[in-house]
There are 2 protein chains.
Amino acid sequence: MENNVFYPKVKRGQTTFRKIINAATKIFYEKGYANSTIADIANEADVAVGTIYIYFKDKYTIYYHVVKDFQNKIRVHLNKHVKGLTTRKEKEEAGVRAWLMFILKYHRTYEMIWESLYIDRSIFEDYYLSFAKSYVYSLKKSQDELNDVDLETVAYMLMGISNFVGLQVLLTKKQEEIDVDNIVKTVTKILNEGLFKSLNK
Amino acid sequence: MENNVFYPKVKRGQTTFRKIINAATKIFYEKGYANSTIADIANEADVAVGTIYIYFKDKYTIYYHVVKDFQNKIRVHLNKHVKGLTTRKEKEEAGVRAWLMFILKYHRTYEMIWESLYIDRSIFEDYYLSFAKSYVYSLKKSQDELNDVDLETVAYMLMGISNFVGLQVLLTKKQEEIDVDNIVKTVTKILNEGLFKSLNK
């Protein structure tokens, strides 16, 4: 990958690099990778096609960086909403709510991320493996608040819960604030008390 | 859809229909929809291309039926493993284990199902909306064993948990029986007791 991209050192180049990534994100998000062209991206970024080729070898190289950037965008958004909270419970509740707000803003998030499965499976794998790794690192710090369970499995469970209540919001069109509140409330209750009544424990 | 497909009434036609669906499932599963042709399917099914066109208007129509059929295959597999179990706890534990066994057998399940997002979003939506609907119907019957929570959200949470521990198994290559046992154990413990220690409740 390092041979296929030129990471600019001077500010003007970095500004252009960022313009291209932002434009490519918009184009890939709206049209999908297959239907997007370098010309589309150049047009959106308001640069010459030749300028794009200074920084990126091909469309695939741009896409690789767009996914990394999008993943970072998600991380920054989630971190912003859990910053300052002290207990793991509070963080998980805020994290689910923050994810739903993100999905409501970017309805095509799943299309964007899961398309990597058909472009280059290693991008898809890195995406979730790296999210899980960060999650486990974070969960380890709160380990005394958690039941004695395997943290990697917990990370995948929590990612799965967030991803699928995100799908619930999109598919069932439950998109009002009260709907989001109710979903977050149910997730939180189950993470706190389990799904099953204590009588049966 | 009804105008695009011919559902045979006589046994020989039904056998041919089934042969085509099975062949198309194998081809789409291995090559993906975009890379598959009617000729590929005819070759795999050992029928003439013209025979396929007796039953299906086009590749999309075949795909529509393949996804429905695949969904049914999953349902039958899961039901087989929860049949005869009495408590919801037992059913959920058996269900997660059964899903992981299915994923270990069919590694390209996610590629197969999520490709619908890029072919026809309504197929993707119907897939998860109908699974959720069946799940809620089933959860309602066990409602007295569950905490007081919204069952639709529970359905999506449980689908999310299963889907993502399935990804965990594929991405981290934790595919031995003991790995599957440990994952099922963690999921079960959290569904029973919650994620957080009681001290903090």
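Basis of the calculations
Residues numbered from 1 in each chain as written. Chains lettered and ligands numbered in written order. Predicted model: local features only at pLDDT ≥ 70, side-chain atom pairs only at ≥ 80, totals over all residues. Heavy atoms only, no water. Helix = DSSP H or I, 4+ residues; strand = E, 2+ residues; numbered from the N terminus. Buried < 20%, exposed > 50% of the residue type's maximum accessible area, 1.4 Å probe, protein only. Contact = heavy atoms within 4.5 Å. Areas by Shrake-Rupley, 256 points an atom, 1.4 Å probe, with all protein chains shown as cover. Core = buried A, V, L, I, M, F, W, Y, C linked by side-chain atoms within 4.5 Å. Axes fitted to C-alpha atoms, helices over the stretch in contact; angles between N-to-C directions. Parallel < 35°, antiparallel > 145°, perpendicular 65-115°, else oblique. Left-handed = near helix turned anticlockwise from the far one by under 90°. Nonpolar A, V, L, I, M, F, W, Y, C, P; charged D, E, K, R; others polar. Polar contact = N/O pair within 3.5 Å; in protein donor to acceptor, adjacent residues only side chain to side chain. Salt bridge = Lys/Arg side-chain N within 4 Å of Asp/Glu carboxyl O. Buried area = accessible area lost by both parts, 1.4 Å probe. Domains from an automatic or database assignment. Least-squares fit on C-alpha atoms with pLDDT ≥ 70 in both. Phe/Tyr/Trp six-rings, centres within 6.5 Å; stacked < 30°, edge-to-face > 60°.

Undergrad: I would appreciate a short explanation of the overall build of chain A in the present structure.
TA: Along its length, chain A carries 10 helices and 0 strands. Listing the helices and strands of chain A from first to last along the sequence gives α-α-α-α-α-α-α-α-α-α. In terms of principal-axis extent, the alpha carbons of chain A reach across some 70 × 35 × 30 Å. Relative to its full complement of 201 residues, chain A shows a buried share of 52%. Long-range contacts, defined here as pairs at least 24 residues apart, represent 67% of the contacts in chain A between residues at least 6 apart. When the accessible surface of chain A is split by element, carbon and sulfur atoms take 51% of a total near 9800 Å².

Undergrad: Got a minute to help me understand the nonpolar core in this structure?
TA: Nonpolar side chains in soluble globular proteins tend to be buried together. Formed by 136 residues in total, the largest nonpolar core has its most connected members in Trp 114 and Tyr 128 of chain A together with Trp 114 and Tyr 128 of chain B. Not counting residues up to four positions away in its chain, the partners in contact with Trp 114 of chain A are Phe 124, Tyr 128, Asn 163 and Leu 167 of chain A together with Trp 114, Leu 117, Tyr 118 and Phe 124 of chain B.

Undergrad: Sorry, what's going on with the packing of helix 1 (residues 11-31) of chain A against helix 2 (residues 38-45) of chain A here?
TA: Helix packing geometry: the angle between the two helix axes and the distance between the axes. Residue and element names in this part refer to chain A. Running from amino to carboxyl end, helix 1 crosses helix 2 at an angle of 125 degrees, the nearest separation of the two axes being 8 Å. In this view, helix 1 runs oblique relative to helix 2, as classed from their interaxial angle. Our pair here, helix 1 against helix 2, has a crossing hand that is right-handed. Residue-level inspection shows Lys 19, Ile 20, Ala 23, Ala 24, Lys 26, Ile 27, Phe 28 and Lys 31 of helix 1 in contact with helix 2, the latter providing Asp 40, Ile 41, Glu 44 and Ala 45. Grouping the amino acids of the contact of helix 1 with helix 2 by side-chain chemistry returns 7 nonpolar, no polar and 5 charged.

Undergrad: Is there a simple way to think about the environment of Tyr 118 of chain A in this case?
TA: In this structure, Tyr 118 of chain A sits in helix 7 (residues 116-119). For Tyr 118 of chain A, a relative accessible area of 31% gives the class partly exposed. Separated by 106 residues in sequence, Tyr 118 of chain A and Arg 12 of chain A have C-alpha atoms that sit 34 Å apart. Residues within four places of Tyr 118 of chain A in sequence aside, it is in contact with Tyr 110, Glu 111, Trp 114, Glu 115 and Tyr 118 of chain B. Among the polar contacts listed, one links the side chain of Tyr 118 of chain A to the backbone nitrogen of Glu 115 of chain B, at a separation of 2.7 Å.

Undergrad: Teacher, can you tell me more about the pattern of salt bridges here?
TA: Two side chains carrying opposite charge are able to pair once their charged atoms lie near each other. Residues and elements named next belong to chain A. Inspection of the entire model under this criterion finds 22 salt bridges over all chains. Note that Asp 181 is salt-bridged to Arg 97, the shortest N-O span being 2.4 Å. Highlighted residues: Asp 181 in helix 10 (residues 177-193) and Arg 97 in helix 5 (residues 88-105), separated in sequence by 84 residues.

Undergrad: Where do I start with the side chain of His 65 of chain A in this structure?
TA: All names here are of chain A. Turning to its location among the elements, His 65 is positioned in helix 4 (residues 59-82). When its relative accessible area of 10% is taken as the criterion, His 65 is described as buried. Here Thr 61 takes part through its backbone oxygen, which lies 2.9 Å from a polar atom of the side chain of His 65. Excluding residues within four positions of it along the chain, His 65 makes contact with Met 1, Val 5, Tyr 7, Phe 17, Ile 21 and Phe 56.

Undergrad: Would you mind going over the interface of chain A and chain B with me for this structure?
TA: Taken together, the contact pairs 54 residues of chain A with 55 residues of chain B. Across the chain A/chain B interface, buried area totals approximately 5500 Å², and carbon plus sulfur atoms make up 68% of it. Where chain A touches chain B, the interface holds 4 salt bridges. Across the salt bridge formed by Lys 174 of chain B and Glu 152 of chain A, the nearest N and O atoms sit 3.0 Å from each other.

Undergrad: Before we go on, may I ask you to explain the domain arrangement of chain A in this structure?
TA: Residues and elements named next belong to chain A. Segmentation of chain A into domains returns domain 1 (2-57) and domain 2 (64-196). Computed from C-alpha atoms alone, the centre-to-centre distance between domain 1 and domain 2 is 28 Å. With 14 residues of domain 1 in contact, the opposing surface of domain 2 contributes 12 residues. The largest per-residue losses of area from domain 1 upon contact with domain 2 belong to Thr 25, Tyr 29 and Tyr 33, which jointly make up 56% of the total buried on that side.

Undergrad: In this structure, what is going on with the relation of the copies chain A and chain B? I would like to understand it.
TA: Relating one copy of the chain to the other takes a rotation about an axis and a shift parallel to that axis. Each copy of the sequence occupies a distinct position, and chain A is placed on chain B by a rotation of 180 degrees and an axial shift of 0.0 Å, giving an RMSD of 0.0 Å. The symmetry that links the two subunits is that of a two-fold axis. The fraction of interface residues of chain A whose copies in chain B are also interface residues reaches 100%, indicating that both copies meet through the same surface.

Undergrad: Looking at this structure, I do not really get the packing of aromatic side chains. What am I missing?
TA: Aromatic ring pairs: the centre-centre distance and the angle between the two ring planes describe each pair. Residue and element names in this part refer to chain B. Applying the stated criterion to the full structure yields 40 aromatic pairs over all chains. Consider the rings of Tyr 33 and Tyr 63, whose centres lie 5.0 Å apart with planes at 70 degrees: the pair is edge-to-face. Taken together, the positions of Tyr 33 in the loop between helix 1 (11-31) and helix 2 (38-45) and Tyr 63 in helix 4 (residues 59-82) put the pair 30 residues apart, joining distant regions of the chain. Taken together, a centroid distance of 4.8 Å and an interplanar angle of 45 degrees make the contact between Phe 102 and Tyr 106 tilted.

Undergrad: What's the story with unusual backbone geometry in this structure? I'm lost.
TA: Residues other than glycine predominantly adopt negative phi, and peptide bonds predominantly adopt the trans conformation. All names here are of chain B. If you check the backbone angles, Asp 46 has positive phi at about 60 degrees while not being a glycine. Position of Asp 46 among the secondary structure elements: in the loop between helix 2 and helix 3 (49-55). For Asp 46, a relative accessible area of 66% corresponds to the exposed category. One non-glycine residue, Lys 173, adopts positive backbone phi at about 60 degrees. Position of Lys 173 relative to the elements: it lies in the loop between helix 9 (151-171) and helix 10 (177-193). By relative accessible area, which is 60% here, Lys 173 ends up exposed.

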